[in-house]
Amino acid sequence: MRKSDRSLIKLFNPDSVAILGASRDKRKIGHLVLNNIIQSGFKGKIFPVNPNSKSVEGLVCYAHYKNLPVTPDLAIFAVPAELAITLLEDVALKGTKNILIFSAGFKEAGLEGERKQLKLQFISKKYGLNILGPNCLGFVNNFEKLNATFSRTSGEAGNLRFISQSGALASAIFDWADDFQLGFDEFITIGNKAVLNENAILRYWLKETKKHKFVAGLSNCRPIGMYLESVEDGREFIELAKKISLHDPIFILKPGKSSGARKAISSHTGSMVGDDAVLDCALKEAGVTRCDGVEDMFDLAKFFSWENAPEGPNVAVISNAGGPAVICSDFIEENGLKLAEFNENTKAELKKNLPEFASVLNPVDVLGDALSDRYEFAINTVLCEKNVHSLVVILTPQIMTKIELTAQKIAKLAKKYRKTVACVFMGGKIIRKCRDALESSKIPFFRYPERAIMALAKMWQWKKWTKQKAEKRLSFHLLTIPNAAKQIIKKVENDKRSVFSGIEASDFVGACGIKTPASRIVNSNHEAIGFGGKNWPVVLKTSSSALIHKADSGNVVTGISDTNKLLKAISELSRKIARLPKNSNGSIQIQKQIFGVEVIIGVKEDKNFGKVLMFGAGGALAELISDKNLAILPINKSSAEKLVSESRVFPLLRGYRGQKPCAIEKLVDLIVKLSNVAQSASEIQEIEINPVIVTEKEAYAVDPKIILKK
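Colleague: Sorry if this is basic, but what is going on with the overall build of the protein chain here?
Modeller: Looking only at helices and strands, the protein chain features 24 helices and 30 strands. In terms of principal-axis extent, the alpha carbons of the protein chain reach across some 100 × 80 × 35 Å. Each of the 710 residues in the protein chain was classed as buried or not, and the buried ones make up 55%. Excluding contacts between residues fewer than 6 apart, the proportion of contacts in the protein chain whose partners are at least 24 apart in sequence is 70%. For the protein chain, the exposed area adds up to about 31200 Å²; of that, 51% sits on carbon and sulfur atoms. If the 100 positive side-chain charges of the protein chain are averaged to one point and the 76 negative ones to another, these points end up 4 Å apart.

Next up, the structure:
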């Protein structure tokens, strides 16, 4: 679905609905969805369609869609795949533009199913139809009181919106949400995404959907949860997600992290940047929180729906047991949060009113015999502290502990202060009732401290992202590729090649304003000796479009510091060049050797997210340590500085163990220039420099590799 397509308002907010395949058989989908629509309290008109029935659920049943007295806003298909294709054109000719197809047997069912899906897409394009599915569970709109699914769902209205590519997982989420008293605004399953994908739904939520009133006791945002097995048009997805994430958090569960799902190409950049790593980078850029599993997704759904994200990283912990408090402290530090430091007045107030052996530092230990009033005092005191952004309350069930009363007082104080509060009540049967008390008051409940802290940390990460985006409106300026660089591209294309030779790549980046070491092609021993005499030590390389990784095949000789070594290296490389394929542009390149910290900078074209830049430790370290730091292009100076500072190689660049610091500002400038080159030259599929050598005064592109699109 393209940006110019029609509105989805009448798809998800229809005034009238027709169900093709409506049935009196309670086991069939056509009956289940009709019954769900009626039971959900839908106020619009409902038209069952089935040639074999006169009435269904007390409603007049029509034999054919064309016989309906009005044109419904939404047509729901609860019929087999082949029949759905046959009936789709009848529905379109009637004038209905919004279609929901439950039917399986399309693309997921092999070649024949793929043929059916292509036909469905053709009809959709011909008549301008909005089609949700096929092979989906449908959708729920609780504010319009419409359950257009064939699943049991919670009818409780809330602020949580959800997109799921899996109908089965959606059914599990419905049951889980009902158990935890978690309400939805809209829940949309998209199935095969034949026409409408996640981007279409995000556009609908961003621009067209009605602004519903917030439900009392919930957070002041409308979070979006997503389960996606694939991301369509990643660049548009990121742009939409960025806009939404500024005010509403998005969290996503996306499988596919395993090495088997990654596609490597013939360069270091390609092998170090798998598809999932690029997705991860893109999500971070857009402020989208990635879930590490189903439990993580459930925790965030609850937390984002019920609690406002913390305004800062400082966490206070109140516990009636020292061990769990210490465990909680560890997780706080490990997850990028901080234990809040109380001011002297807060500590004095706690010391004055808590028992002698209670701890008034953070974590606050109210001791094992704490009753609800002691918890109430400690929570009230701590939440008054300005330096506290969030609170975790831990309770272990002692014999004297008033668990339910404590839960009620926590809920009351959380509502009063409106700071982010999570409860960790550790136990099983004894604490089950207090879970219901907390969650009916919309206070997130956890059984283990690590779950609470991980969710809290991800909330803060999102909030921090919104603050950074609000403070910095970054600009990007692309350059115009110089004519000298364009001519090199043209020469390679005319030779019907996609890979630059070493000297072509060096000349190209040099023409684009990127610093390179002194270098030239060796046309004679005399020229080589003359060059060496001015630049010792030097490096010899085989320059050929047939060689991407020269060092691996012995086509690089370093540390040449005199004429004898130079002549020996020329003789050795000449023999290697003679064995190269014809038309491989084989020659010997001589270059001044540079000493410094080696890094790698590369840009590759990702089919979904566009051009992606990777920075990290270079040279031999590129394969020995995992130092993958990614950015979706374009990138500017500020973003490049952040990329460098977060890398594992940064301590070496900054000056390690008494070493002088490198010219980091020159490195940042090189990164920005290279990203601009990659963005501006649309012909480039991939460009990599490994290594870039950073000295005290300069950053040199020592060994660039460039591959054009075929």
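Further notes follow.
Colleague: I'm lost on the packing of helix H3 (residues 81-94) against helix H4 (residues 111-127) in this one. Help?
Modeller: The packing of two helices is summarised by the inter-axis angle and the distance between the axes. Look at H3 against H4: their axes get within 10 Å of each other, and the N-to-C directions meet at 5°. Put simply, H3 runs roughly parallel to H4. Contacts between H3 and H4 involve Ala81, Glu82, Ile85, Leu88, Glu89, Ala92 and Leu93 from the former and Arg115, Lys116, Lys119, Leu120, Ile123, Lys126 and Tyr127 from the latter.

Colleague: Teacher, can you tell me more about the nonpolar core here?
Modeller: Here is a general trend for soluble globular proteins: nonpolar side chains tend to be buried in one another's company. Residues Ile76 and Phe77 are the most contacted members of the largest nonpolar core, which totals 81 residues. Those residues within four positions of phenylalanine 77 in sequence are excluded, and the remaining contacts are Leu20, Ala84, Leu87, Leu88, Val91, Ile99, Leu100, Ile101, Phe102 and Ser103. Ranked by size, the runner-up nonpolar core spans 46 residues in total, among them Ile481, Ala640, Val644 and Ala678.

Colleague: I keep staring at the environment of phenylalanine 102 and nothing clicks. Help me out?
Modeller: Structurally, phenylalanine 102 is set in the loop between strand E6 (98-101) and H4. Distance from phenylalanine 102 to glutamine 589, taken between C-alpha atoms, is 63 Å for residues 487 residues apart in sequence. Ignoring anything within four residues of it in the chain, the contact list for phenylalanine 102 reads Ile29, Val33, Ile76, Phe77, Ala78, Asn135, Cys136, Leu137, Gly138, Ala148, Thr149 and Phe150.

Colleague: Teacher, can you tell me more about the sheet that holds strand E8 (residues 138-141) here?
Modeller: Within a beta sheet, neighbouring strands are joined by backbone hydrogen bonds and run either parallel or antiparallel to one another. As summarised here, the arrangement of the 7 strands in space is E9-E8-E11-E10-E12-E13-E14, forming an open sheet in which the pairing is mixed. The open sheet has two edge strands with one neighbour each: strand E9 (146-149) and strand E14 (289-290). When E8 meets strand E11 (residues 184-189), the two strands line up antiparallel, connected through 3 bridges. Counted as the bridge partner of valine 140 is phenylalanine 187 from E11. Its contacts with the sheet place helix H5 (residues 167-179) against E8, strand E10 (157-164), E11 and strand E12 (224-227), and it is angled at close to 160° to E11. The sheet strands contacting helix H10 (residues 294-306) are E10, E12, strand E13 (250-253) and E14, and the helix crosses E13 at an angle near 165°.

Colleague: Looking at this structure, I do not really get the pairing of strand E2 (residues 45-49). What am I missing?
Modeller: Two faces belong to every sheet, and in a regular strand the side chains alternate between them. A large share of E2 lies buried, amounting to 4 of its 5 residues. Of the pairings in the sheet, the one linking strand E1 (residues 16-20) to E2 comprises 5 bridges and is parallel in character. Residue pairing in the sheet places serine 16 in a bridge with lysine 45 of E2. Between the parallel elements E1 and E2, the chain passes through helix H2 (residues 29-39) in a crossover that is right-handed.

Colleague: I would appreciate a short explanation of a nonpolar patch on the surface in the present structure.
Modeller: Nonpolar side chains collect at one region of the surface, where Leu621, Leu624, Ile625, Leu652 and Tyr656 lie side by side and expose about 440 Å² of accessible area between them. If you trace the backbone, tyrosine 656 turns up in the loop between helix H23 (650-654) and helix H24 (664-680).

Colleague: Would you mind showing me how to read the sheet that holds strand E5 (residues 74-77) here?
Modeller: Pairing is parallel across the open sheet formed by 5 strands, whose spatial order is E2-E1-E5-E6-E7. The open sheet is flanked by E2 and strand E7 (130-132), the only strands paired with a single partner. Pairwise comparison of adjacent strand axes, ignoring direction, gives a mean angle of 20° for this sheet. Two strands pair when backbone bridges link them, and E5 and E6 are joined in this way by 4 bridges, in the parallel orientation. Note that in E6 the partner of leucine 74 across the bridge is asparagine 98. Contacting E1, E2 and E5, H2 runs over the sheet at an angle of about 160° to E1.

Calculation notes
- Residues numbered from 1 in each chain as written.
- Predicted model: local features only at pLDDT ≥ 70, side-chain atom pairs only at ≥ 80, totals over all residues.
- Heavy atoms only, no water.
- Helix = DSSP H or I, 4+ residues; strand = E, 2+ residues; numbered from the N terminus.
- Buried < 20%, exposed > 50% of the residue type's maximum accessible area, 1.4 Å probe, protein only.
- Contact = heavy atoms within 4.5 Å.
- Areas by Shrake-Rupley, 256 points an atom, 1.4 Å probe, with all protein chains shown as cover.
- Lys, Arg positive; Asp, Glu negative; His and termini not counted.
- Charge placed at Lys NZ, Arg CZ, Asp CG, Glu CD.
- Axes fitted to C-alpha atoms, helices over the stretch in contact; angles between N-to-C directions.
- Parallel < 35°, antiparallel > 145°, perpendicular 65-115°, else oblique.
- Core = buried A, V, L, I, M, F, W, Y, C linked by side-chain atoms within 4.5 Å.
- Pairing = 2+ DSSP bridges.
- Right-handed = clockwise from strand over helix to strand, strands pointing away.
- Patch = residues over 30% accessible without salt bridge, like charges linked within 9 Å, V, L, I, M, F, W, Y side chains within 5 Å.
- Salt bridge = Lys/Arg side-chain N within 4 Å of Asp/Glu carboxyl O.

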